[in-house]
Amino acid sequence: MTGKEMRDMSFPTNFLWGGATAANQYEGGWKEGGRGIAVHDLMTDGTKDEPRRIYCRNDAGDEVTILQGECIPFGYQGFLKEGYYYPSHNGTDFYHHYKEDIALMAEMGFKVYRLSVSWTRIFPNGDDLVPNEEGLGFYDRVIDELKKYGIEPLVTILHFDMPLHLANVYGGWADRRLIDFYLRFARTLFERWKDKVTYWITVNEINVLGGYWTLGLASNHRKNQANSNQGETPVEDAGIKLQSIHHLLVASAMANRMAREINPDFMLGTMCALSGIYPATCHPDDVFGAYEFRRKALMFSDVTMRGYYPNYAASIFDQYHFKLRREPGDDELLRDNPSDYLAFSYYRTTAFDRNSPNTTTTGGQQAGPNPYLEKTPWGWPIDARGLRLVLNELYDRYQKPLFIVENGMGNVDIVEEDGSIHDDYRIAYLRDHIMEMKKAVEIDRVPVLGYTTWGCVDLVSAGTGEMKKRYGFVYVDLDDKGNGSFKRMKKDSFFWYQKVIGSNGENLG
């Protein structure tokens, strides 16, 4: 390829530049408009070193505390403990600032905005028969405001969200009945916005969704399992998670089938967390260890994109002493209703070292540190080149369009006396990642539909519950304990991203 040929290539004219948020971190208004209580509403704030917690009690009044990511013990339920701060209750108050925030997105030139819908705002308990019209009306207004500015809404149906009632009564996604409740939710959205929304994500980060938000209270499922399978040993938490993700995979496939009947022009994607992993050395055990670790994450995107579990899935299940329970017709549903595109989040890479502890997760996301990479203040490695590698890896594997729907860095922002916010570190991070995406598109010919940075307007950190871990182009005046005016202020990165979008990725200066 000649230098001139490389210069003549560019992003497609219809490339979707924009930003992304999640309702449970951003929306607020937790008791307004008929919204019900979700599991994440019980999660306290935390810090980099102190995890978020859920306080639980049983009928006798005994209390226990669990950490984010753990299952609530059998016989207990989460509750709101006085004297603690619960960040999701206010988020950064998009509920009352949506017009202002969308106007700021339009000023930056957004082509797309990825939002999620709070399940409990539409079905307060999750198993309700009739949707909450007031909740639907709120999102009607949001979508109409986006369309007014020519911004394409990218709607995530399920984004780390679980009605508390479904967790308490059914034990979360470990119970297959949740598929029907989810499909009622999805159908409501598909039919409501069939002429307004083209791009959909059925499930956010499906390979890690068995965690604290969706499965936070799933240990209650063990009672149901024990009652229906006398004499059988209840599965371990990893098994519960894997079975729950299978139910989500089936639900996603059924939603795809439903959506295509409602509007054949819908673009339907499923999302995975697919930050990369390297071997720490060229030692064969490191190389194959990294390969095995990576397959744990790709197993789930294999199902959503190819329509079947890969051959190695059985060996992963064996590691957890788990036997997947399938219902008749599951395999056909998965095979016949794959996603149109793969959406994924990319933040960092990690390294597999045979001689060091490696974080083992059912989603295969985090291994060990990489000494060659700089880190954010929260210890996340910064690896822009890894994004190009992952883009090529995924397209080589699936041969379907890709959509980067989360990318960004959490950092501490300082408001100067004159109100300016100089976030050069964020500009550098995003510039480097966009440059590598550009190479993947222009040189490697990987079809990428769009790029939405995470937390385009500041929101609460999912992992720590902090506000000071900021991602956005727009600063929100709020501290870690919920004090502040919610005033919106433009950072330097706001004007930088405006130029990037205006030049369709050519001006990264």
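Refer to the structure printed above.
First, a word on what this report is: a plain description of the structure on this page.

1. As for the overall build of the chain
Across its full length, the chain holds 15 helices and 15 strands. Against the 2.2 N^0.38 benchmark of 23 Å for 509 residues, the chain shows a C-alpha radius of gyration of 22 Å, consistent with a compact globule. Along the longest, intermediate and shortest principal axes, the C-alpha atoms of the chain span 70 × 55 × 50 Å. In the chain, the share of contacts with a sequence separation of at least 24, taken over all contacts with a separation of at least 6, comes to 76%. Looking at the chain as shown, the accessible area adds up to about 20000 Å², and 49% of this sits on carbon and sulfur atoms.

2. A look at the pairing of strand β10 (residues 341-345)
In the case of a regular strand, side chains alternate between the two sheet surfaces. In terms of burial, β10 is largely enclosed, as five of its five residues are buried. Here β10 shows a buried face lined by Y341, A343 and S345 and a second buried face lined by L342 and F344. Here strand β8 (residues 267-273) runs beside β10; their pairing, made up of five bridges, is parallel. If you follow G269 over to β10, its bridge partner there is Y341.

3. Brief notes about the sheet that holds β8
Strands in a sheet are paired, the pairing made by backbone hydrogen bonds, and the direction either parallel or antiparallel. Around the barrel, eight strands lie side by side as β1-β5-β6-β7-β8-β10-β12-β13; this closed barrel has parallel pairing. Across the sheet, the mean angle separating the axes of adjacent strands is 25° when strand polarity is ignored. Helix-sheet contacts for helix α7 (residues 178-192) involve β6 (152-158), β7 (199-203) and β8, and the interaxial angle to β6 is about 165°.

4. Some words on the environment of Y372
Mapping Y372 onto the fold places it in the loop between β11 (349-352) and α13 (384-398). Note on Y372: relative accessible area 74%, which makes it exposed. Taking the C-alpha atoms as reference points, Y372 and D383, eleven residues apart in sequence, are found 9.4 Å from one another.

5. Focus on the packing of aromatic side chains
Inspection of every chain in the model, using the stated rule, returns 34 aromatic pairs. With a centroid separation of 6.3 Å and 55° between ring planes, the pair formed by F94 and Y113 is classed as tilted. Pair noted here: F94 is in helix α3 (residues 94-108) and Y113 is in strand β5 (residues 112-116), with a separation of 19 residues, a long-range link. Judged by relative accessible area, which is 3%, F94 ranks as buried. For Y113, a relative accessible area of 1% gives the class buried. The ring of Y312 has R295 lying over it, and the distance from NZ or CZ to the ring centre is 4.3 Å.

6. What about the packing of α7 against helix α9 (residues 237-262)?
Running from N to C, α7 and α9 point in directions that differ by 30°, and their axes come no closer than 10 Å. The angle between α7 and α9 falls in the class roughly parallel. The two elements α7 and α9 cross, and the hand of that crossing is right-handed. Residue-level inspection shows I179, Y182, L183, A186, R187, F190 and E191 of α7 in contact with α9, the latter providing H247, V250, A251, M254, A255, M258, A259 and I262. Considered class by class, the residues forming the contact of α7 with α9 number twelve nonpolar, one polar and two charged.

Definitions and limits used
Residues numbered from 1 in each chain as written. Predicted model: local features only at pLDDT ≥ 70, side-chain atom pairs only at ≥ 80, totals over all residues. Heavy atoms only, no water. Helix = DSSP H or I, 4+ residues; strand = E, 2+ residues; numbered from the N terminus. Rg over C-alpha atoms; globule rule 2.2 N^0.38 Å. Contact = heavy atoms within 4.5 Å. Areas by Shrake-Rupley, 256 points an atom, 1.4 Å probe, with all protein chains shown as cover. Buried < 20%, exposed > 50% of the residue type's maximum accessible area, 1.4 Å probe, protein only. Pairing = 2+ DSSP bridges. Axes fitted to C-alpha atoms, helices over the stretch in contact; angles between N-to-C directions. Phe/Tyr/Trp six-rings, centres within 6.5 Å; stacked < 30°, edge-to-face > 60°. Lys NZ or Arg CZ within 6 Å of the ring centre and 35° of its normal. Parallel < 35°, antiparallel > 145°, perpendicular 65-115°, else oblique. Left-handed = near helix turned anticlockwise from the far one by under 90°. Nonpolar A, V, L, I, M, F, W, Y, C, P; charged D, E, K, R; others polar.

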